[in-house]
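Letter by letter, the chains look like this.
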Amino acid sequence: MCCLFLGFQSFSQENKTLSLKEAVDIALNNSDDAKLAETTIKTASEELKVTKNNQYPEFSLSGQYQYLTSPDIDLQLAVGNSNPTEGEAEDVGTPDINQIMLGQASVSMPVFSGFKLKNAVAASINNFEATSLEAASSKERIALQTISTYLNLYKAQQMVAVVKENLKSAQQRVKDFSAMEENGLLARNDLLKAKLQEANIHLTLKEAQKNVRILNFRLATFLKLPEEFTFKLPEGTIGITPAIENSAIHRADLEALEYRQKASENNIKIAKADYYPSIALIGGYAALDIQNALTVTNAMNIGVGVSYDISKIFKAKNDVKLAQHKAEELQYNIAKAKDNVKIQVKNAEEEYQLALTQFEVYSQSQEQAEENYRIVKDKYDNGLVDTNDLLEADVDQLQSKINKTNAQADISLKYYQLLQAEGLLTNKFNFKNN
């Protein structure tokens, strides 16, 4: 993919043939939308790891060193001369204390928390799966957006080609009419009509060329190619008419909602966990040194810690209801989304069939328009029709060519829209939704 991109950069100043599959491939790798989709997966993955870390023991180390400035000490323990002479009382004095050192290590292992940790991990896993599927759905939309822009650019390029051809005929007509008008064989008004049509065709060409530049710039920007990159689109895959297969709908966005539903059920259980106490195994080690007074080492402890927030027994009720209502909302959204997908697929099927019919009609219309122009031209040459009829027949011929070209591209567009509605667009191009 990197080599392909660098190759495009090297051809930035000239036309480069770019197939539809190559355009989609670049979009799914280089576009900002595609990178954003990949980033959301990475974010969800890290969130899952963070949640799983809560299952592991907490281990902490701490140490202190404190310097004291001649404290006043009232020591209740007897200290002094450890070997007093016979008949001499033991000398009781105050130790010189000016520093304290303390070291601690503690470990806490969660044992039971009302299954909160278990369901938190399960909810995070379901959310991660949902995020991955939503990213796949985003790539379906990215592919369709690329295809739509690609085919619109194709239609604009073809329109430029058709109008250019028609403009040549119009210019030749003006040249012939000018010669006839100079020889007194044609009224000046007829020459002006031909010139007006030439000007209109030239204006149409300018507009078509403007559309090509805009769509070319839009596609290059979306694909992260140089802005001056010029696309030359092959016609081989335009207007394909594959047979529609009765494939099962495989919408990643619907599957994502199912995982969101599972996560919402986990959230209900998390809310209910506040009804229960939390239990953990705890242990620790401590060492203490008070200068000239006290030294403690190997002070180890192990036991069980229990905590129970009594107030949550009353507060958790509303938390549980909130989680349940959110889950219920999601159920209705899923049902609504499934209905919308069925409607989208049905509409896409009808649109595709209509596109096939339109192409057949416009193909016949082009044949009829070309034949009509030929007949009108013969009649005009024989003085049987006037200039208006000739120019009108020429306009009809031009419009029929444009209609057929657009209808041919619409067949491909409607077909890919149907695949996207079924959730099979990227699979059609053999791209994996990572």
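The rules behind these values
- Residues numbered from 1 in each chain as written.
- Predicted model: local features only at pLDDT ≥ 70, side-chain atom pairs only at ≥ 80, totals over all residues.
- Heavy atoms only, no water.
- Phe/Tyr/Trp six-rings, centres within 6.5 Å; stacked < 30°, edge-to-face > 60°.
- Helix = DSSP H or I, 4+ residues; strand = E, 2+ residues; numbered from the N terminus.
- Lys NZ or Arg CZ within 6 Å of the ring centre and 35° of its normal.
- UniProt positions renumbered as here; feature names shortened; annotations may be inferred.
- Core = buried A, V, L, I, M, F, W, Y, C linked by side-chain atoms within 4.5 Å.
- Buried < 20%, exposed > 50% of the residue type's maximum accessible area, 1.4 Å probe, protein only.
- Contact = heavy atoms within 4.5 Å.
- Pairing = 2+ DSSP bridges.
- Axes fitted to C-alpha atoms, helices over the stretch in contact; angles between N-to-C directions.
- Expected span 1.5 Å × (residues − 1).

Chemist: Explain the packing of aromatic side chains here, please?
Modeler: The geometry of an aromatic ring pair is captured by two quantities: the separation of the ring centres and the angle between the planes. Considering all chains together, one arrives at 6 aromatic pairs under this definition. Taken together, a centroid distance of 5.7 Å and an interplanar angle of 50° make the contact between Tyr 352 and Tyr 415 tilted. Taken together, the positions of Tyr 352 in helix α7 (residues 312-381) and Tyr 415 in helix α8 (residues 387-422) put the pair 63 residues apart, joining distant regions of the chain. Clustering of aromatic rings is evident, with ring pairs tying together Phe 112, Phe 115 and Tyr 276. Lying across the ring of Tyr 259, Lys 262 places its NZ or CZ 4.8 Å from the centre.

Chemist: How should the UniProt feature "coiled-coil region" (unreviewed entry) in the protein be read in this particular structure?
Modeler: The UniProt record marks residues 320-358 with the feature "coiled-coil region" (unreviewed entry), using the residue numbering of this structure. Taken end to end, residues 320-358 is 100% helix and 0% strand, and its two terminal C-alpha atoms sit 56 Å from one another.

Chemist: For this particular structure, what's the right way to read the nonpolar core?
Modeler: Across soluble globular proteins, you tend to see nonpolar side chains buried next to one another. Residues Ile 147, Tyr 150, Leu 223, Phe 231, Tyr 416 and Leu 425 are the most contacted members of the largest nonpolar core, which totals 49 residues. Of the residues forming this core, the biggest block, 14 residues, is contributed by helix α4 (residues 116-182). One finds Leu 191, Tyr 373, Tyr 380 and Ala 393 within the second-largest nonpolar core, a separate group that totals 11 residues.

Chemist: Just checking my understanding: could you explain the environment of Val 160 for this structure?
Modeler: Note on placement: Val 160 falls in helix α4. The contacts of Val 160, once residues within four sequence positions are left out, are Leu 205, Ala 208, Gln 209 and Val 212.

Chemist: Looking at this model, I keep getting lost on the pairing of strand β3 (residues 99-112). Mind explaining?
Modeler: Two faces make up the sheet, and in a regular strand the side chains alternate between them. In the sheet, strand β2 (residues 58-67) pairs with β3 via 10 bridges, with the strands oriented antiparallel. Within β3, the position partnered with Ser 62 by the bridge is Gln 104. In terms of strand pairing, β3 meets strand β5 (residues 278-290) through 12 bridges, oriented antiparallel. Bridge pairing in β5 links Ser 108 to Ile 282.

Chemist: Explanation requested: the sheet that holds β5 in the structure shown.
Modeler: The strands that make up a sheet are held in pairs by hydrogen bonds between backbone atoms, and each pair lies either parallel or antiparallel. Strand order in the open sheet formed by 4 strands is β2-β3-β5-β6, and the pairing between neighbours is antiparallel. Edge strands, defined here as strands with exactly one partner in the open sheet, are β2 and β6 (294-307). Between one strand axis and the next, the sheet turns through 15° on average, direction left out of account.

Chemist: Mind showing me how you'd approach helix α6 (residues 252-272) here?
Modeler: In an α-helix, one full turn covers 3.6 residues, which means residues spaced three or four apart are oriented alike. Its 21 residues give α6 an end-to-end C-alpha distance of 31 Å, which sits within 8% of 30 Å, the value for a rise of 1.5 Å per residue. What α6 keeps buried is the set Ala 252, Leu 254, Ala 256, Gln 261, Ala 263, Ser 264, Asn 266, Ile 268 and Ala 271. Each element contacted by the buried residues of α6 is listed here: α4 and α7.

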